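Tertiary structure, described
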Amino acid sequence: MEIHCERRVLANGLSVVTHEDHTCPIVAVNVWYHVGSKNERPGRTGFAHLFEHLMFEGSAHHDSGYFQPLQAAGALLNGSTNADRTNYWEVVPTGAVDLALWLESDRMGYLLPALTEAKFANQREVVLNERRQNYENRPYGLSAMATLNALYPPEHPYHWLTIGVPDDLRATTLDEVRAFFAAYYHPGNASLAIAGAISPDEAFALAEQYFGEIPAGPPVTRPELESPVLSGEQRLFLEDRVELARLYLAWHSPAMFAPGDADLDLVSDLLASGKTSRLYQRLVYETRLATEVAAFQQSRESSSYFQVVATAAPGHTLGEIETAITEEIERFAADGPTADELARVMAQAEAQFVYRLQAVGGFGGKSDQLNAYNVLLGDPDSLQRDLDRYLQVTPQTLAAATRTFLRPEARVAVSVVPAGQAGLVLPGSGPATVH
C-alpha cells in the first residue's frame, strides 16, 4: 500500500512532495510547519494557534482575507494547529493552482509586513472567545485542561492546551509574536505537498517559482522532551454545569510511531470502539452503569497519553465505573484479545488505511498524509511502514502494552460532577487546577 510520490528540496530548505492523481480535475496544496504549542514556553503560550488565525488575515501582497479569493475560484480551504505542527490546505480546480500557491508563498515569506497591532489585537480576542466557547463554557470542557495539567509538569510544553492560557495571550506583545513567526514559519521548517491532477515536473516548477525566493530562515532547535513518570495515581475533580457525572482516566503512553503506540491504538478499539467492545458491553449493555464510554490513544510526537472516558448513568457512581474499567483492563492485560476480537480490529485498522486513500486533499487526505510522514518520519513514502506497525501486533504484544502502560498506580483520574454535588466524585479526589 502506498501513495506514490516524489520529493525534492529547494535551495532554501523547503521540502516539496508531489503526488499525481487525475481521478478528478483538482489539485490539493498542503503546507505543514513543524511548529505547535510544543515550541512555546511557560508564560508565553498560544502563539502557534494564534498564527493559525493571523495567517488567514492577509500578507504583504494580498492584505486581505484569504477565504474570499480562493472560494471565488471554487476552492475548499482550512488550517489547524496541534501540539506538534501547524497545517494549511487548499483544494482547488486545476486552473486555480497558481492562485493557491501564490497566496501560500506570500504568507510564508511576507506575512510580517502586513501584521499590524490592530490585526493582532483582533485575532487575540477571537482566540480568547474561541477558548471560552470550546472549553470554558462547554459542558465537561475543562476536563482536558485538568488532565494535561496533571499528566505533565508546568515546564513541559504538553502541560497546556494548544489554544493557550488567557493571561499569557493578554500579556503577549506584537514584537514577541513577530519573533515567534520569524523563528518557525519559513521554508527551512516547512513541507509543501502538491497532489492531484498535476505532473511532478509542473508541480516542482511552480514550487520553485513561488517559493524559491523566500529566505531559508534560521535553524530550528527541536525541544528534547522526555515523557514524565507519575509517582502514583492522582485523583482530581471539577464541578461543572452538567447533568451527569463523568470519569476521565489517563495514562502516559508511547510517542507517535514509537514501539507500543500502534498496540495501544488497537487496545483502545478493543476496549471501547463499537457495541461489541469490552467496556461498552460491561458498562453500557450488561450493568447499565454508564450511558456512554470511549477510549483512545492520543498520539503525539514527543509523548502520548491513553484515555478512557465514561459518563455515569443516573443512580450509579463513578466509583462503580472506575472499578469496572480497572477490572476489564486488568483482564485484558492478563489474557489479551480473543481471536475474533483481534480479527475485527485488524480489519478495521487496515480498512482505515484504505479509506485514507480516497481523498486527495483536506484533513487526512493524501496530501496531508504525505506531509505528516515527511515532517514526522522524514520520508513521505511511509504509508506501508505505518500500516506494518498494526499488521505486526499480536495478542501477546497487545497484552504486554496494556500491562506496561495502563497500570492503576500510574494514571490520572478526573471526576467531573454537577455543580454542588462534590459528593459524587471518585473517593480520594482533590480539586483540579486548570489554566
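Summarised in this report is the structure supplied together with it. Quick caveat: nothing in here was measured; it's all calculated off a predicted structure. (Residues numbered from 1 in each chain as written. Predicted model: local features only at pLDDT ≥ 70, side-chain atom pairs only at ≥ 80, totals over all residues. Heavy atoms only, no water.)

What follows covers helix 3 (residues 97–109). Look at helix 3: 18 Å from first C-alpha to last across 13 residues, which is about the 18 Å you get at 1.5 Å a residue. Residues of helix 3 that are buried: Val 97, Ala 100, Leu 101, Leu 103, Glu 104, Ser 105, Asp 106, Arg 107 and Met 108. Structurally, helix 3 contributes buried residues whose contacts are with strand 3 (26–33), helix 2 (67–72), strand 5 (86–93), helix 7 (174–184), strand 6 (190–196) and helix 8 (200–211). (Helix = DSSP H or I, 4+ residues; strand = E, 2+ residues; numbered from the N terminus. Expected span 1.5 Å × (residues − 1). Buried < 20%, exposed > 50% of the residue type's maximum accessible area, 1.4 Å probe, protein only. Contact = heavy atoms within 4.5 Å.)

This next bit is on the sheet that holds strand 1 (residues 6–9). Pairing between sheet strands relies on hydrogen bonds along the backbone, with the strands arranged either parallel or antiparallel. With respect to topology, six strands assemble into an open sheet ordered 1-2-6-3-5-4, the strand pairing being mixed. Two strands close off the open sheet at either side, each with one partner strand: strand 1 and strand 4 (76–81). Direction aside, the axes of adjacent strands within the sheet are offset by 15° on average. Across six bridges, strand 4 lies against strand 5 in antiparallel orientation. Residue pairing across strands places Ser 80 opposite Asn 87, the latter belonging to strand 5. Against the sheet, helix 1 (residues 47–54) touches strand 4 and strand 5, its axis set at about 165° to strand 4. (Pairing = 2+ DSSP bridges. Axes fitted to C-alpha atoms, helices over the stretch in contact; angles between N-to-C directions.)

What follows deals with the pairing of strand 8 (residues 246–253). Of all eight residues in strand 8, eight are buried, a share of seventy percent or more. Burial along strand 8 is two-sided: the face carrying Arg 246, Tyr 248, Ala 250 and His 252 and the face carrying Leu 247, Leu 249, Trp 251 and Ser 253 are both buried. As defined by bridge partners, strand 8 adjoins strand 10 (residues 304–312) across eight bridges and the pair is classed as antiparallel. In the sheet register, Leu 249 faces strand 10, and the bridge partner there is Val 308. For strand 8 and strand 11 (residues 411–418), the ladder comprises six bridges, and the chain directions are antiparallel. Within the sheet, the bridge partner assigned to Arg 246 lies in strand 11 and is Val 416.

For an α-helix, 3.6 residues make a turn, and residues three or four places apart therefore share a direction. Compared with an ideal rise of 1.5 Å per residue, which puts 18 residues at 26 Å, helix 11 (residues 318–335) spans 26 Å between its outermost C-alpha atoms and is within 8% of the ideal. Taken residue by residue, helix 11 has Leu 318, Ile 321, Glu 322, Ala 324, Ile 325, Thr 326, Glu 328, Ile 329, Phe 332 and Ala 333 as its buried positions. Downstream of helix 11 by a residue or two, Gly 336 has a phi angle that is positive, lying close to 70°.

Attention shifts here to the packing of aromatic side chains. Tallying each qualifying case throughout the model produces 17 aromatic pairs. For the ring pair Phe 296 and Tyr 305, a centre distance of 6.4 Å and an interplane angle of 70° mean the geometry is edge-to-face. By relative accessible area, Phe 296 is classed as partly exposed at 27%. On the basis of relative accessibility, which here comes to 9%, the residue Tyr 305 falls in the buried class. Here the aromatic cluster, defined as three or more aromatic residues joined through ring pairs, consists of Tyr 33, Phe 47, Phe 51, Phe 56, Phe 67, Tyr 88, Phe 180, Phe 181, Tyr 184 and Tyr 185. One cation-aromatic arrangement involves Arg 85 over Trp 32; the distance from NZ or CZ to the ring centre is 4.9 Å. A cation sits over an aromatic face here: Arg 356 above Phe 353, 4.4 Å from the ring centre. (Phe/Tyr/Trp six-rings, centres within 6.5 Å; stacked < 30°, edge-to-face > 60°. Lys NZ or Arg CZ within 6 Å of the ring centre and 35° of its normal.)

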